[in-house]
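So the chains spell out like this:
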Amino acid sequence: MSLDYYLNNISDNLYRYLVETECTMISLSKKCNLSVKSLEHVIYRNRGGVNFDTLVKISHGIEMPISVLIGEEKRQKQWITRKQ
């Protein structure tokens, strides 16, 4: 698989999370302990702005395993938490 394949999956899963949970970028940045700019790099598929540490923070923040985030495992509803 190419880097673009994984970047697309990560971007799609993160965008889907934002929509399904009605979470804002600011709220997500706080959950993940990342700047909004870092999240934008991920969502807009900026190759230079995505590193493993960022993926780990996103994975923990949205409670979705990295394997699902990158598209290696199917996404299941239990990994989505609704806005509180």
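See above for the structure.
Conventions we followed
Residues numbered from 1 in each chain as written. Predicted model: local features only at pLDDT ≥ 70, side-chain atom pairs only at ≥ 80, totals over all residues. Heavy atoms only, no water. Helix = DSSP H or I, 4+ residues; strand = E, 2+ residues; numbered from the N terminus. Expected span 1.5 Å × (residues − 1). Buried < 20%, exposed > 50% of the residue type's maximum accessible area, 1.4 Å probe, protein only. Contact = heavy atoms within 4.5 Å. Axes fitted to C-alpha atoms, helices over the stretch in contact; angles between N-to-C directions. Parallel < 35°, antiparallel > 145°, perpendicular 65-115°, else oblique. Left-handed = near helix turned anticlockwise from the far one by under 90°. Nonpolar A, V, L, I, M, F, W, Y, C, P; charged D, E, K, R; others polar. Phe/Tyr/Trp six-rings, centres within 6.5 Å; stacked < 30°, edge-to-face > 60°. Arc of directions from axis to C-beta. Polar contact = N/O pair within 3.5 Å; in protein donor to acceptor, adjacent residues only side chain to side chain.

1. A closer look at helix H1 (residues 3-21)
Right, on to step 1. Taking 1.5 Å as the rise per residue, H1 with 19 residues should run 27 Å; its terminal C-alpha atoms sit 27 Å apart, in good agreement.
Right, on to step 2. For H1, the complete set of buried residues consists of Leu7, Asn9, Ile10, Ser11, Asn13, Leu14, Tyr17, Leu18 and Thr21.
Right, on to step 3. Those residues of H1 hidden inside the fold are in contact with helix H2 (25-32), helix H3 (36-43), helix H4 (52-62) and helix H5 (66-69).
Right, on to step 4. Positive phi shows up at Glu22, right after H1, with a value of about 55 degrees.

2. Remarks on the packing of H1 against H2
Right, on to step 1. Contact geometry for H1 and H2: axes closest at 11 Å, N-to-C directions at 115 degrees. Taken as axis vectors, H1 and H2 run roughly perpendicular relative to one another. The element H1 and its partner H2 pack so that their crossing is right-handed. Across from Leu14, Tyr17 and Leu18 in H1, the residues of H2 making contact are Met25, Leu28 and Lys31.

3. A closer look at the packing of H2 against H3
Right, on to step 1. Look at H2 against H3: their axes get within 9 Å of each other, and the N-to-C directions meet at 105 degrees. By the angle class used here, H2 and H3 are roughly perpendicular. Facing H2, whose interface residues are Met25, Ile26, Leu28 and Ser29, H3 presents Val36, Leu39, Glu40 and Ile43.
Right, on to step 2. Looking at the contact of H2 with H3 residue by residue, the classes come out as six nonpolar, one polar and one charged.

4. Brief notes about the side chain of Ser29
Right, on to step 1. Within the secondary structure layout, Ser29 lies in helix H2.
Right, on to step 2. When neighbours within four sequence positions are excluded, Ser29 is seen to be in contact with Leu34, Ser35, Val36 and Leu39.

5. A word on the packing of aromatic side chains
Right, on to step 1. Here the structure, examined in full by the defined rule, presents one aromatic pair.
Right, on to step 2. Taken together, a centroid distance of 5.1 Å and an interplanar angle of 80 degrees make the contact between Tyr5 and Tyr6 edge-to-face.
Right, on to step 3. By relative accessible area, Tyr5 is classed as partly exposed at 31%.

6. Quick look at H4
Right, on to step 1. Buried within H4 we find Thr54, Leu55, Ile58, Ser59, Gly61 and Ile62. With its buried residues spanning 170 degrees around the axis, H4 presents them on a single face. Turned more than 90 degrees away from the buried face of H4 sit Phe52 and His60, all of them exposed.
Right, on to step 2. Contacts from the buried residues of H4 go to H1, H2, H3 and H5.
Right, on to step 3. Its side-chain oxygen 3.1 Å from the backbone nitrogen of Asp53, Asn51 forms the N-cap of H4.
Right, on to step 4. One or two steps after H4, the chain reaches Glu63, where phi turns positive at roughly 55 degrees.

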